[in-house]
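Chain by chain, the residues:
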Amino acid sequence: MQQTTEMNSDSSHLKQDLDPQSDHSSDPYPNPHPQPQPRRPRGFAATTAAAGTAGGKGRKEREKEKERTKLRERHRRAITSRMLAGLRQYGNFPLPARADMNDVLAALAREAGWTVEADGTTYRPSPPPHMVGYPMKAVESPISSTSTLRNCSMKASLDCQPSSILRIDESLSPVSLDSVIATDRDTKGEKYINASPVNSPECLEDDQLMQEVHTGEHGNDFSGTPYIPVYVMLAIGVVNNFCQLMDPEGIRQELINLKSLNVDGVTVDCWWGIVEGWTPQKYEWSGYRELFNIIREFELKLQVVMAFHEYGGNDSGGALISLPQWVIEIGKDNQDIFFTDREGRRNTECLSWGIDKERVLKGRTGIEVYFDFMRSFRTEFDDLFAEGLITGVEIGLGASGELKYPSSSERMGWSYPGIGEFQCYDKYSQQNLRKAAKLRGHSFWARGPDNAGHYNSRPNETGFFCDRGDYDSYYGRFFLQWYSHSLIDHADNVLSLASLAFEDIRIIVKIPSVYWWYRSTSHAPELTAGYYNPTNEDGYSPVFEVLKKHSVTMTFVCSGLQVSCQEINEALADPEGLSWQVLNSAWDRGLTLAGQNALPCYDREGFMRIVETAKPRNDPDRRHFSFFTFQLPQPFAQSFSEVDYFVKCMHGN
C-alpha cells in the first residue's frame, strides 16, 4: 500500500513537471518566480544536438562510409571500363573513348535490330513488346560450320552459349542500365580481372582459332588501304663519340638494300653526348653532315632524333653513348642533377626534370641547354630543311628518348615484369614536392610513398599499389597527380622552345608502351613511369592536351609481340588494351599519330599485328598512322622477304 502511494506521488510530480500550466501551490518550497521549463528540441535542432553529443566519433564514421562508397564506385567503374574495352576490341563496336553504359546499350539494341534515336527513344519497325528476348548472333567459322567459340572475341561473344538471350527491360531507367545481364551464366563471385576470356586456360587455342577466322575473312591483303610512309632506323654507332662517320661504304650498301625495299626514308639519332660532348656550347656536327650527304645521294627522306639521353645497357651490343662529359663532371659534385630513387641511387641516363629551371649547368637551366642544342642543329642544317630533305624532328623528353621517368631501368636492377620505382628523390624534385604539399595545405604530404615496394615487386606485394591500396587514398592521389604533372610540365616547357627552334617543321614526341600489369587496378608500372592511369583515371588525356597545344605528332611504341596466356595471367599484361586506349584517346583529341616497333620483328605474324595497329580495318573513320619508324631485324638478309612484304602492306600495295 505504501509503495502504491509513493508511485502515485511520483506520477503527480512528473505530471506537474511536464505541464507548465499545472498548479504548484502544493509544493513544499514554492518558487515566487517560477521559470518555464525548456522545450525539447525537435527536427533539425534535435539532429544537431544528437550530433553534438556523438562528437567526433560520428563524423569519423560518416567519413569512413563516404570513402567506402567512393571505393565501391571506383570498383564499379573499373568493371565497366573493362566491359567497354572488350566490346571495342573484340566486338568492333564504334564506341566513343568516354562511353558509358547508355552507349553500350544503344549499340547492343541497334545490333539487335532496334532503332535508337538521339534522345534515347528506342523502338523496332513493329510495336515493341514489354519484354523481348533476342538470341545472340553467332559467328560462323569458315573452318567448321559446327564449331562454337568458347570465348568472347566478337560481338556475338557477349555470352558463349548459343542459347543465351540478352533481355532488355524497358522499365529500366537510363541511369540504371549498368545491370544488363546475359542469362544462362552466373557471374557471382567472379573477379572482374578474370571476366576477359583471354584469362581462360583455353585462350591460346581460341586465339589461334580466331586468327584463322580473321584470315579467312580478310587474309593478309592490304591492297587499297591508306599509304603509310616507312622510315628505317639506322644502327646506333654509325657516328662515333668523336663525331666521325664510321664505315661510309657500309652505310652506302645498307642504303642500297633499303632503297630496294622502297622505304621512304631513314631515321638518325643525333646524340647530345657526342655533339656537345666535351665543352659547353661547342657543337661538332661534321660526322652527321657527312652521313646526311650520303642519304641525300639516295634521294631518301630523313627524320632526326634530338637524343638527350644516354645509350648503353645489356642489349646495346657494346656501344655506349653517355651524356656530355662536362655534364658528368658537374654530376660528380652535384649528383642531384640526376633522377634518384628512394634508396638514393642516381640514374645517369638523363637529367632530372627538377633542374629544368635551375641554373646548375654552367649558368644554364636544363631547358636552356636543350634549346641551345636544337637551335644549333637548325642553324647547321638549314640548307637541308630548305630543300625538304629533313621531314621531321623527334624531341627526346626522357629515358630512352620517350616521355617517361627512368622507373624501369635495367641498370638499376629492374627486370620484367617489375613495377619499377618512383624517381623523385633528388633535392630539386623534393623542393617542388614540398611547395606543392604546402600549397595544398598538407605539408606532411611532402614525401614519397614508403610502401611502394622496389623495382621488381608485384603490385599485390606492396601496400601502395595493391587493390584498394594507398595509391587511391587522399595522399596517394595528391602524390601521383604531382608526379604526373611534373612529367607534363617538362614536356610543355621543352616543346615550347622546340616550336621556336623548328618553326614550320613536324615535331615528334614518343610515348612509351607500359603494358604489363595493365589488367590490375592500380597500373603500377604506368604510375611509376609518370602516367596517372589507374582504372578510375585517364592518365593519357592531360598529356595529349599538351601535345595538341604544340601541334605535335605523337609516336606510339608498338610491341608487335603475341602475349601468351601465361604472361597475361602472371603479369596481367595487355598490350592491345593499352594501345587501344592510347590511340583512340589521341585520335579523339585530333592528334596526328605515328608508330614505331619496340623490338625487331622476325616473322610475318608480328609484322601483320603492326600493320593492323597502324591502319585498323574496322575503324569507321578510317584513321591511320601518318608514318611508321621501323627497327630492322638483325641479321637483315635472313628476313628480307618478310620486311619487303611488310613495307608493301604499309604502302597499301
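Computed from a predicted structure; not experimentally measured. (Residues numbered from 1 in each chain as written. Predicted model: local features only at pLDDT ≥ 70, side-chain atom pairs only at ≥ 80, totals over all residues. Heavy atoms only, no water.)

**Here we look at the packing of aromatic side chains**
Part 1: Per the stated rule, a full pass over the model turns up 46 aromatic pairs.
Part 2: Summarising the aromatic geometry, the rings of Trp482 and Tyr483 are spaced 6.5 Å apart at their centres and angled 45° between planes, so their arrangement reads as tilted.
Part 3: Classification of Trp482 as buried rests on a relative accessible area of 10%.
Part 4: For Tyr483, a relative accessible area of 1% corresponds to the buried category.
Part 5: Over the ring of Phe385 we find Arg378, and its NZ or CZ is 4.7 Å from the ring centre.
Part 6: Above the plane of the ring of Tyr645 lies Arg604, whose end atom (NZ or CZ) is 3.8 Å from the centre. (Phe/Tyr/Trp six-rings, centres within 6.5 Å; stacked < 30°, edge-to-face > 60°. Buried < 20%, exposed > 50% of the residue type's maximum accessible area, 1.4 Å probe, protein only. Lys NZ or Arg CZ within 6 Å of the ring centre and 35° of its normal.)

**Notes on unusual backbone geometry**
Part 1: With omega at 5°, the peptide bond leading from Tyr416 into Pro417 counts as cis.
Part 2: Inspection of the secondary structure assignment puts Pro417 in the loop between strand 10 (390-395) and helix 12 (427-440).
Part 3: Residues other than glycine seldom take positive phi values, yet Asp504 does so here, at roughly 65°.
Part 4: The class of Asp504 is exposed, set by a relative accessible area of 76%.
Part 5: Located in the positive-phi region is His523, a residue other than glycine, with phi close to 55°.
Part 6: Here His523 shows up in the loop between strand 11 (507-511) and helix 14 (524-529). (Helix = DSSP H or I, 4+ residues; strand = E, 2+ residues; numbered from the N terminus.)

**Side note on the pairing of strand 5 (residues 230-233)**
Part 1: Here strand 5 shows a buried face lined by Val230 and Val232 and a second buried face lined by Tyr231 and Met233.
Part 2: Sheet topology note: the strand 5/strand 14 (residues 628-630) ladder contains 3 bridges and is parallel. The partner of Val232 across the bridge, within strand 14, is Phe630.
Part 3: Relative to strand 6 (residues 265-271), strand 5 is paired through 3 bridges, and the arrangement is parallel. (Pairing = 2+ DSSP bridges.)

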